[in-house]
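# Topology and contacts: notes
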Amino acid sequence: MNHITRSFALLIAVFSLFCGTPFAKTSPPDPQDSDDKTLSPYFFVKSDDPAIDRLPLKSTSADVNIAGVIADAKITQIYKNEGKKPIEAIYVFPASTRAAVYGMKMTIGKRVIEATINKREEARRRYEEARHQGKSASLLEQQRPNVFQMNVANIMPGDEVKVDLKYTELLVSTDRIYEFIYPTVVGPRYSNQSTETAPPSERWTKNPYLRQGEAPAYAFDIAVNIRAGLPIREIASTSHKVNTSYNGSTVAKVTLDKSETLGGNRDYVLRYRLDGNRIQSGILLYEGEKENFFLLMIQPPKRVTNTHIPGREYIFIVDVSGSMHGFPLDTSKKLLKNLIGNLRTTDRFNILLFSGGNSVLSEESLPATPDNVRKAITLIERQHGGGGTELLPALKRALSLKKAEGVSRTVVIATDGYVAVEEEAFDLIRNHLGDANMFAFGIGSSVNRHIIEGMAHVGMGEPFVVTQPDEAAARAERFRSIIQSPVLTQVKVKHNGFAAYDMEPVSIPDVLAERPVMIFGKWHGKPKGKITLTGISGEEKYSSTIDVSSTKPSKENSALRYLWARHRITLLSDYNKLRSDDGRTKEVTELGLSYNLLTAYTSFVAVDTEIRNINEKPTTIKQPLPLPQGVSDYAVGGVAPTLAFAPAKLGSPKEYERQSLREEKASKDEAAKIKAAVRIGDLSVSGGLSRQAATDVIQKNIRDLEKCQAQTTFQKKLVLRLAITPDGRVKTVEILSNPYGGRNTRRCVAERVRKWKFPEAVEGKITEVTVTLLFTP
């Protein structure tokens, strides 16, 4: 790395440290010592104290068994205290959005402690009581349907503690391809919530992260055993290097290559296809002591191509925040150029860009003419990524745009989903179901699948995840095929002689992709009768019938009880996000306790009977997480510049300050020769303020910045991005150009700009202003 690049990276870090943007964080490990009082993530700074082990998680591995369409996984986390003081380890980790976690145990030496399921508050109380008493204990809580938190208390010096947890999930083929996804890391979540007022369930977002390019501090491994029941045609991992061995045509074992030991910084994706492009179709039965469960899978017809497709309106919402800087935004650009570049002339479209604020291509959707398409692609190409991730205002604005008469509207959002407002987003989309359907594209190597899948689910659309740029074209083509011709509509299920009840889902939406129709339920009496699925395929009627009596119940299908309960919990939780209800909360809690499942209201806790820590309070350590592959430092605590560079590995705040002072002295020597005047160059305004109102305020105040310019040189121009609150206050200041100078220069600019007072905005909207200030001798 050359001196200029390294110096620039250091400048960016110092600016974040001293200007205090709400999404930036470059503080020491303890966030309570920081000026940042929001729940934003922060960078890990290694302590020089050898007595405390700041990296207690040594390895995480998964052993997965897939039988037919059901995957059963055991996750093993190994914690070891290599310091001299007892510690409490906290580790935030992801899981599949469909995972039903049904068991946990803790092993210390030869002692094995089985965890029990408790109400969330009771489990937390038991854990904290054990920690206070000096007992080793572990607590597993669900923070989101796909984000879990493990606490392990009183890990004594030299201890090795192993925690195993088990989950099961259903694999559903899409376009006749089965896909197993094992998420490995939780990406940093942007949050502007105050630490003081946020509930405990939201505080997991304030977590330490390693720097871009730094390898995970723990080892990663995964092995997958597949018993497909039908000949396996091909197996491939698009994310990791794997080794595959076969035992006959229907059984395969996939192991992680040794070169991928540090591969826990991106989702593990395994795809396989069965011989003849067949998919599992039929019914699975389980006969329990108290209840019987079934899973119905019916293969839909092949897609019918409809050449008479009416024009549609497309609203493309594009995330250009700091976490999208670099690889994710490059991938997003490629995807959107493909989507927009292939619109038909009968279509209309619009683009909304968002980060800390948002802006639109046009206040009304435009015809998809060659000129308009070129303008849109040029606009997207100019984006570099920077700022916070204010998703909700962007969704509200997109859904409120004027709609063309007699045209179906489709909203397409491209984002990594690194936000903490999932429930609010789902609520907003549900309330606008009649206005548009929602298709979500998750961009990146480790996206927030909960919000990507959830937005599409509640918006009656489909989710897509693009992990690599070369996948963009295929995902765009699949999106077009789904939009243009649904597989099956007006879907209904009838039972004849089969005593089914408590079925999920109650009603079946249109089938947009070539995947089986899945129905969970319970049954009583004898397994007999028939189940018939009907619908419309293209312009023809469709019908498929399953004979229940031809299938015998099997003990190997015991996972169906967990899967049914998990599906039911998901449905109730979704309703609660729309309107909280104590009755539904109670039902979710009872389901978790009855079926031994982790939920938002039930947790697993394991407590050792032995008192091991007598005199010393354990030091709480939050395990630092790697940034997902391809995600830059700007997702956590960087200010995104308009030019690309490879960020340096930065040291302690003292090192930043020393380097900053050296650069400040050098720049003063050169700047002393320069006297300049300042004027407004380019200016863009989006939100509640008018362009003229913003111009008037900036013009009135910019000469004040000449005093900052006297300390350094801005290379003839300074580019600022401001977020302005509805009452006219400057909320955040970002420097997007490459300013020379040290700490005092940047503090000078930020402090003076923050004092600017703008008029109150109309309709209470946040305004984003990007301005280029030109300095001339």
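Fair warning: this is a prediction, and the values are worked out from it, not measured in the lab.

## Thoughts on the pattern of salt bridges
Taken as a whole and assessed by the stated rule, the structure comprises 30 salt bridges. Here Arg-273 ties to Glu-234 by a salt bridge, and the two come within 3.3 Å at their closest N and O atoms. Residue Arg-273 is found in strand E17 (residues 268-274), and its partner Glu-234 is found in strand E14 (residues 232-237); the two are separated by 39 residues along the sequence. The partner of Glu-363 in a salt bridge is Arg-397, with the nearest N and O atoms 3.2 Å apart. Of this pair, Glu-363 sits in the loop between strand E22 (358-360) and strand E23 (366-367) while Arg-397 is found in helix H5 (residues 391-400), placing the two residues 34 residues apart along the sequence. Residue class for Arg-397 comes out buried when judged on its relative accessible area of 15%. Within the structure, one salt-bridge network assembled from shared partners comprises Arg-120, Arg-124, Glu-128 and Glu-141.

## Considering the sheet that holds strand E13 (residues 219-227)
The strand order across the open sheet built from 8 strands is E6-E5-E10-E3-E2-E13-E16-E15, with neighbouring strands paired in mixed fashion. At either end of the open sheet lies a strand with only one pairing partner, and these are strand E6 (111-114) and strand E15 (242-246). Shown here is a sheet whose adjacent strand axes are inclined to one another by a mean of 15°, direction ignored. The pairing of E15 with strand E16 (residues 251-256) spans 5 bridges and is antiparallel. Pairing of Asn-243 across the sheet is with Thr-255, part of E16.

## Re the packing of aromatic side chains
Overall, the coordinates contain 14 aromatic pairs when judged by the stated rule. Between Phe-293 and Tyr-595, the aromatic rings sit 6.3 Å apart at their centres with planes inclined by 80°, giving edge-to-face as the arrangement. Here Phe-293 is found in strand E19 (residues 292-298), whereas its partner Tyr-595 is found in the loop between helix H10 (582-594) and strand E32 (602-611), with 302 residues between them in sequence. There is no split in this pair, since Phe-293 and Tyr-595 are both buried. Pairing Trp-564 with Tyr-595 gives two aromatic rings, centres 5.9 Å apart and planes at 55°, and the pair type is tilted. One end of the pair, Trp-564, is in helix H9 (residues 559-578); the other, Tyr-595, is in the loop between H10 and E32, and 31 residues separate them in sequence.

## A closer look at the side chain of Arg-189
Along the chain, the position of Arg-189 falls in the loop between strand E11 (178-182) and strand E12 (208-209). Within the local environment of Arg-189, its side chain forms a polar contact with the backbone oxygen of Gly-187, the two atoms lying 2.7 Å apart. At 3.4 Å, the side chain of Arg-189 forms a polar contact with the side chain of Asn-448. Setting aside residues up to four positions removed in sequence, Arg-189 forms contacts with Pro-41, Val-147, Trp-204, Thr-205, Gly-417, Tyr-418, Val-419, Glu-422 and Asn-448.

## Considerations on the sheet that holds E11
Strand order in the open sheet made by the 3 strands is E11-E17-E14, with antiparallel pairing throughout. The open sheet is flanked by E11 and E14, the only strands paired with a single partner. Sheet twist, expressed as the mean angle between neighbouring strand axes with direction ignored, is 15°. With 5 bridges joining them, E11 and E17 adopt antiparallel strand pairing. Directly across from Glu-179, in E17, lies its bridge partner Arg-271.

## Topic: the pairing of E19
Here E19 lies mainly inside the structure; 7 of its 7 residues are buried. The alternating pattern of E19 places Asn-292, Phe-294, Leu-296 and Ile-298 on one face and Phe-293, Leu-295 and Met-297 on the opposite face, and all of these are buried. Bridge count for strand E18 (residues 282-287) against E19 is 6 bridges, and the pairing is antiparallel. Note that in E19 the partner of Ile-283 across the bridge is Leu-296. The pairing of E19 with strand E29 (residues 517-523) spans 7 bridges and is classified as antiparallel. The partner of Ile-298 across the bridge, within E29, is Val-517.

## Topic: the packing of helix H3 (residues 327-341) against helix H4 (residues 370-381)
Contact pair H3 / H4: the axes reach a minimum separation of 10 Å and the direction vectors enclose 175°. The angle between H3 and H4 falls in the class roughly antiparallel. Across the interface between the two elements, Lys-333, Leu-336, Lys-337, Ile-340 and Gly-341 from H3 touch Val-373, Ala-376, Ile-377, Ile-380 and Glu-381 from H4.

## Structural notes on unusual backbone geometry
One non-glycine residue with positive phi stands out, namely Asp-502, at about 50°. The residue Asp-502 is located in strand E28 (residues 500-504) in this model. When its relative accessible area of 39% is taken as the criterion, Asp-502 is described as partly exposed. Even without being a glycine, Asn-596 presents a positive backbone phi close to 60°.

## Brief notes about the environment of Glu-587
Relative to the assigned elements, Glu-587 resides in helix H10. For Glu-587, a relative accessible area of 29% puts it in the partly exposed group. Excluding its chain neighbours within four sequence positions, the residues that come into contact with Glu-587 are Arg-568 and Leu-572.

## Here's the deal with H3
Compared with the 21 Å implied by 1.5 Å per residue over 15 residues, the 21 Å span of H3 between its first and last C-alpha is a close match. Within H3, the full set of buried residues consists of Pro-328, Leu-329, Thr-331, Ser-332, Lys-333, Leu-335, Leu-336, Asn-338, Leu-339 and Ile-340.

## Some details on the confidence of the model for the chain
Parts of the model with low pLDDT should not have their predicted coordinates read in detail. Confidence in the prediction for the chain averages 80 pLDDT; 80% of positions are at 70 or higher. Across the chain, the secondary-structure element scoring lowest on mean pLDDT is helix H1 (residues 3-19), at 39, and the one scoring highest is strand E7 (residues 116-119), at 97. Ignoring residues within four places in sequence, the model shows residues 1-36, a span with pLDDT below 50, making 101 contacts including any to other chains. Confidence drops under a pLDDT of 50 for residues 638-676, and excluding neighbours within four residues, the segment shows 89 contacts in the predicted structure.

Quick notes on the rules
- Residues numbered from 1 in each chain as written.
- Predicted model: local features only at pLDDT ≥ 70, side-chain atom pairs only at ≥ 80, totals over all residues.
- Heavy atoms only, no water.
- Salt bridge = Lys/Arg side-chain N within 4 Å of Asp/Glu carboxyl O.
- Helix = DSSP H or I, 4+ residues; strand = E, 2+ residues; numbered from the N terminus.
- Buried < 20%, exposed > 50% of the residue type's maximum accessible area, 1.4 Å probe, protein only.
- Pairing = 2+ DSSP bridges.
- Axes fitted to C-alpha atoms, helices over the stretch in contact; angles between N-to-C directions.
- Phe/Tyr/Trp six-rings, centres within 6.5 Å; stacked < 30°, edge-to-face > 60°.
- Polar contact = N/O pair within 3.5 Å; in protein donor to acceptor, adjacent residues only side chain to side chain.
- Contact = heavy atoms within 4.5 Å.
- Parallel < 35°, antiparallel > 145°, perpendicular 65-115°, else oblique.
- Expected span 1.5 Å × (residues − 1).
- pLDDT = per-residue confidence, 0-100.

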